[in-house]
Amino acid sequence: MLRSPLTLGAVAALSVLALVVEPVAPAAAARPHRSRTAAPRTSTTGVSNTTTTTIPDLASRCPWLESAIDRGESPGQLAQAVLERMTVTEKVAEIALVSSGDYENVNAGIPRLCIPALTLQDGPQGMAFGAQHVTQLPAPLGVAATFDTGIARAYGEVQGSEAVGQGVDVVQGPTLNIDRVPQSGRTYEGFGEDPVLVSAMGVADIRGIQETGAMAMAKHFAVYNQETDRSVLNDAVSQRALEELYLPPFEAAVTQADVSAVMCAYPRLNGTFECQDGALLDLLQQWGFTGFVRSDLGSVHDPLAAITAGTDLIKPARVDRLAPLVGQPGLSVSAVDAAVTRLLTAMFAHGLVGRSDAGSPDSVVDSPAHAALSLTAAERSAVLLKDQRRILPLAPSRPRSVAVIGADASSAPVTTGYGSSQVLAPFTSTPLAAIRRRAGSGTTVTYANGGSTTRPLPPVPAAYLTPASGVGHGLTLTLAQTGAGPGARPVQSVEPTVDVSMRTNSTSSQLLPGLIHPPSVERRRPPIPPGRLLPLGGPPRTTRSPVVLPAGWSDASASWTGTLTPPKTGLYTMSLQGDGQAQLTLDGKPVVSDTLNHALGRWSQTVSLVAGHPYQVRLDWEPVDATNFAGQSLVVPSSLTLGWRYVSDDIAAAGAAARAANVAVVFAGDYSSEAFDRPSLSLPGDENQLITAVAAANPHTVVVLNTGGPVLMPWLAKVAGVIEDWYPGEQAGSAIAALLFGDVDPGGRLPVTFPTSDASAAINTTAQWPGVDFTATYTEGLDVGYRYNHATGVQPLFPFGYGLSYTRFTLGKLGVRRTAAGYALTVRVSNKGGVAGTDVPQAYLTYPAAAGEPPAQLVAFAPVTLGAGETRTVTLSVPASAFESYLNGSWSTTPGTYILSVGQSSADLALRTQVAAP
């Protein structure tokens, strides 16, 4: 039966609640490291519910605390004074996190000692957890594409100020994980594939958040690169790759931004769960970290080991179960005291004790200024990938008619990713409306949706389905009891459609009601459907047929058989959406799969079917399961829908609209989310067929991509222009209209590599991703992203750092000089075109061969905005630490000649100079 990463996170939650304690492993030796990069709150923690509030009047409630503050005692001393007065139960209640009312995460607080509850909330792209009246910012990956730390800092200021305004103390972000697996469902949440870029943008974001008085939480420490099997996965990573790629952004967050908090990650790192890895968490202290660590939801499998290792906040946890174990073998009083001390110290340091609450969850915190920042960030993040014959910008005097095509342009704009970081937009500027406004009365703008959609598709109707018996309508559903032995008989029925929800019989379920609510993705109102049934189509479906397993069954697999007879000949988009693992074949040929092993699977694909032909259907489904305390498998409530849509007419209408217009602009999107990885880098549904058909009808076709990471472009040679617009947030339409018509220059550069195919990406074996036997082996070492292309010579579709402009920039007169910190490179940047624009000169370092490093690694960058005809000299500072490699267990500089190259992408390095290591 399938082991879901979501469900096993819930299993981890169960183990916490049951306090199934594993032996605590001896602490490993500390890893040496040196980076190369520069309102009322209610607690339900297992004891009696307590409502706590902040206590501004310390003099009347806690005069001893007010006196200590007046004496100027340090945050650590104040924390110690509180700790000495706490009971064991109060200490444990500080460690346990719960969701409470409108807050995603709170601890209990200590009202009698004037300590308020601590509030924490996602996320990395703005206030999540269903928060209302907040700004939906562009995705962090888009912010990374600006290569502009100033924008990242302003982005953080919006995050922090809106958090404070809604009474949230800690912003759970930014995400500082390296984008190793571009198919990862959380690629959009991070800052790309290079540690120098991730570090710089992360530091700026943290500084922006913390300038507002909120605390920032860097996540997910330290290795977390895929959603598949995340709760049980073992990441096998070399120490060198850890030191040079995955740890530097977190060290920079500590040493350069003084980040207040860190979230530890789900997987095991070289055999040890990261939230229980004392040697890993000790690194934070070695770097000078003075904040606290919280676990990701359900990432703690042994709470005693986690607290002992240095995890200070755990969710979920039960105070009444943990408190009696304090002082017993496995959980010392000193470990609990240390965790509480770190929490209280941070609260005192940030002035959270004794102040009045500044906001509440219902406060309106979005503003015109925040919307303006969202617009600027969206404009600056867009990357112009192709501009053949200068089809862009669309000057109003040139195209007399524009055909706008794609649901992403109008009815279903893709503006954000999903999962725990999803932000609800107070409004959405749609591309179609914005283009019509910007084009003016002199240009005719037509629209066709083309059948493209990222919304869930409607179920295949029963009228076109015939069960295996050949009589009636629907498909034959066969349920087989997993692990029941060869004599067990399956159960069969005829279901009208594949649109079902499955659960165990209440008489046989051994889940503990009310304790956990899988899947383990933290959310608030309005409810977000679990797994892949994301809110792209509005509220969750309520019409699914319930399938209840027979009494005594706890685990099962399902299959549907029969025939599908289409009413029309043409293209149909087929989709599988739900929980677990499913695969569909028609006449024995794979059509669409929604799998966790991602073996060339696609959850949505367009196929050609012939009217009247009875296609043999085989649909196999393994629902999500968990394991109870006795080790038995149990089906977690799961759902599956086989959807379809006939799209030939829609594609034909889109082609006709394109043929009748001077220019066609096709909008195509995907969706990404925590809880699953994309099966492929291909666009979903009929979008590739749609783009191909539109390009055939009109050679003046521009494609706008709203995606959470790299995508494949089999139609690239057939279109005239391509813009990667990422997930642009609430200002999607206004931003893209300004870019298409040249009101702003597309100054974005790729923070991730776009490969030519799934097989040509840096991570291209099953052992690397999603792994074998729950182990992902990082055999690529340092060759992640563009480093792989440089090391192997494999050419990407578009390289890291790449981006075009509406003007023409040149680089020249490279200079180099030694400084106390390393090297300063100077380069003259000239705007030779007729419009203002932004260029991003980038410096890359190539090491002597003996260092064993991939060639040409990013070491510095500096965006510069120039007016038409303007020239400016830009300085790129390269720190001495960039010349070091992690060899034989320590950092060292390899003797020899180093090459510093400067250019406009990782594959365009026209200027170079040789230097010795500083």
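Note that this is a predicted model, so its numbers are computed, not measured. (Residues numbered from 1 in each chain as written. Predicted model: local features only at pLDDT ≥ 70, side-chain atom pairs only at ≥ 80, totals over all residues. Heavy atoms only, no water.)

**Here we look at the overall build of the protein**
Counting secondary structure elements, the protein contains 20 helices and 44 strands. Summing over all exposed atoms, the protein offers an accessible surface of approximately 29600 Å²; the carbon and sulfur share of this is 53%. (Helix = DSSP H or I, 4+ residues; strand = E, 2+ residues; numbered from the N terminus. Areas by Shrake-Rupley, 256 points an atom, 1.4 Å probe, with all protein chains shown as cover.)

**A look at the sheet that holds strand 9 (residues 261–264)**
Reading across the sheet, the seven strands line up as 3-4-5-6-7-9-12 and stay open at both edges, with mixed pairing between neighbours. Strands at the two margins of the open sheet, each flanked by one partner only, are strand 3 (98–100) and strand 12 (292–295). Going across the sheet, the axis of each strand differs from the next one's by a mean of 35°, ignoring polarity. Contacts from helix 8 (residues 195–211) reach strand 6 (170–172) and strand 7 (215–221) within the one sheet, and its direction differs from that of strand 7 by about 145°. (Pairing = 2+ DSSP bridges. Axes fitted to C-alpha atoms, helices over the stretch in contact; angles between N-to-C directions. Contact = heavy atoms within 4.5 Å.)

**Things to note about the nonpolar core**
Core analysis: the largest hydrophobic core is formed by 125 residues, its most contacted members being Leu118, Phe221, Tyr246 and Phe292. Here the element with the most residues in this core is helix 14 (residues 333–349); it accounts for nine residues. Those residues in contact with leucine 118 that sit more than four places away from it in its chain are Asn105, Val106, Asn107, Asp169, Val170, Met215, Phe292, Leu313, Leu343, Met347 and Leu352. (Core = buried A, V, L, I, M, F, W, Y, C linked by side-chain atoms within 4.5 Å. Buried < 20%, exposed > 50% of the residue type's maximum accessible area, 1.4 Å probe, protein only.)

**Some points on the environment of lysine 568**
Positionally, lysine 568 belongs in the loop between strand 21 (556–564) and strand 22 (570–578). Take lysine 568: its relative accessible area is 41%, and that puts it in the partly exposed class. The spatial distance from the C-alpha of lysine 568 to the C-alpha of histidine 613 is 9.8 Å, given a sequence separation of 45 residues. Each residue touching lysine 568, except ones within four places of it in the same chain, is listed here: Leu609, Val610, Ala611, Tyr646 and Asp649. Looking at lysine 568, its side chain comes within polar contact range of the side chain of aspartate 649, at 3.5 Å. (Polar contact = N/O pair within 3.5 Å; in protein donor to acceptor, adjacent residues only side chain to side chain.)

**Brief notes about the side chain of aspartate 312**
Residue position: aspartate 312 is located in the loop between helix 12 (303–309) and helix 13 (319–322). A polar contact is formed between the side chain of aspartate 312 and the side chain of arginine 342, at a distance of 2.7 Å. For aspartate 312, the contacting residues outside a window of four places in its chain are Ile95, Phe292, Val293, Ala339, Arg342 and Leu343.

**Concerning the packing of helix 16 (residues 431–439) against helix 19 (residues 732–740)**
Contact geometry for helix 16 and helix 19: axes closest at 8 Å, N-to-C directions at 45°. If you check the angle between helix 16 and helix 19, you find them oblique. For the crossing formed where helix 16 meets helix 19, the hand is right-handed. Residues Pro431, Ala434, Ile435, Arg437 and Arg438 of helix 16 form the contact with helix 19, whose own contacting residues are Gly733, Ser734, Ile736, Ala737 and Leu740. Per-class residue counts for the contact of helix 16 with helix 19 are six nonpolar, two polar and two charged. (Parallel < 35°, antiparallel > 145°, perpendicular 65-115°, else oblique. Left-handed = near helix turned anticlockwise from the far one by under 90°. Nonpolar A, V, L, I, M, F, W, Y, C, P; charged D, E, K, R; others polar.)

**Some points on helix 5 (residues 88–95)**
With six of its eight residues buried, helix 5 lies for the most part within the structure. All buried positions along helix 5 are accounted for by Glu90, Lys91, Val92, Ala93, Glu94 and Ile95. For helix 5, the elements touching its buried residues are helix 4 (75–83), helix 12, helix 13 and helix 14.

**So, the sheet that holds strand 19 (residues 499–503)**
Pairing within the open sheet is mixed, and its five strands lie in the order 20-19-29-22-25. A strand with exactly one partner marks an edge of an open sheet, and here the two such strands are strand 20 (545–548) and strand 25 (604–609). Each strand axis lies, on average, 20° off the axis of its neighbour in the sheet, ignoring direction. Pairing of strand 19 with strand 29 (residues 638–646), which is carried by four bridges, proceeds in the antiparallel orientation. Looking at strand 29, one finds that serine 501 is bridged to serine 639. Across the sheet, helix 17 (residues 648–659) lies against strand 22 and strand 29, angled at about 50° from strand 29, the strand it touches most.

**Section: the pairing of strand 31 (residues 701–706)**
The buried fraction of strand 31 is high, at six of six residues. Both faces of strand 31 are covered, namely the face carrying Thr701, Val703 and Leu705 and the face carrying Val702, Val704 and Asn706. When strand 30 (residues 663–669) meets strand 31, the two strands line up parallel, connected through six bridges. Residue valine 666 lies in a different strand from strand 31, and its bridge partner there is valine 703. Assessed by its sense of winding, the connection that carries the chain from strand 30 through helix 18 (residues 687–697) to strand 31 is right-handed. (Right-handed = clockwise from strand over helix to strand, strands pointing away.)

**Some points on the pattern of salt bridges**
Should the charged atoms of two oppositely charged side chains come close, the side chains can pair. Inspection of the entire model under this criterion finds 25 salt bridges. The shortest N-O distance in the salt bridge between arginine 240 and glutamate 853 comes to 2.9 Å. Taken as a pair, arginine 240 in helix 9 (residues 239–246) and glutamate 853 in the loop between strand 37 (842–846) and strand 38 (857–861) lie far apart in primary sequence, 613 residues in all. You can call glutamate 853 buried: its relative accessible area is 13%. Among the ionic contacts, a cluster of salt bridges with common partners joins Arg186, Glu189, Glu227, Arg230 and Glu674. (Salt bridge = Lys/Arg side-chain N within 4 Å of Asp/Glu carboxyl O.)

**Observations concerning the state of the cysteines**
One pass over the full model with this rule turns up two disulfides. There is a disulfide in this structure between cysteine 62 and cysteine 114, and the S-S distance comes to 2.1 Å. The sign of the S-S torsion, about 95°, decides the handedness of the disulfide formed by cysteine 62 and cysteine 114: right-handed. Residue cysteine 62 is located in the loop between helix 2 (58–61) and helix 3 (63–70), and its partner cysteine 114 is located in the loop between strand 4 (103–106) and strand 5 (119–122); the two are separated by 52 residues in the primary sequence. Taking the relative accessible area as the measure of exposure, cysteine 62 reaches 0% and is therefore buried. Covalent S-S linkage joins cysteine 264 and cysteine 275, the inter-sulfur distance amounting to 2.0 Å. As the torsion about the S-S bond is roughly 110°, the cysteine 264-cysteine 275 disulfide counts as right-handed. Here cysteine 264, found in strand 9, pairs with cysteine 275, found in the loop between strand 11 (272–273) and helix 11 (278–286); they are 11 residues apart in sequence, far enough to count as distant. For the pair shown, cysteine 264 and cysteine 275 are each scored as buried. Disulfide connectivity for the protein, with bonded cysteines indexed by sequence position, reads 1-2, 3-4. (Disulfide = S-S within 2.5 Å.)

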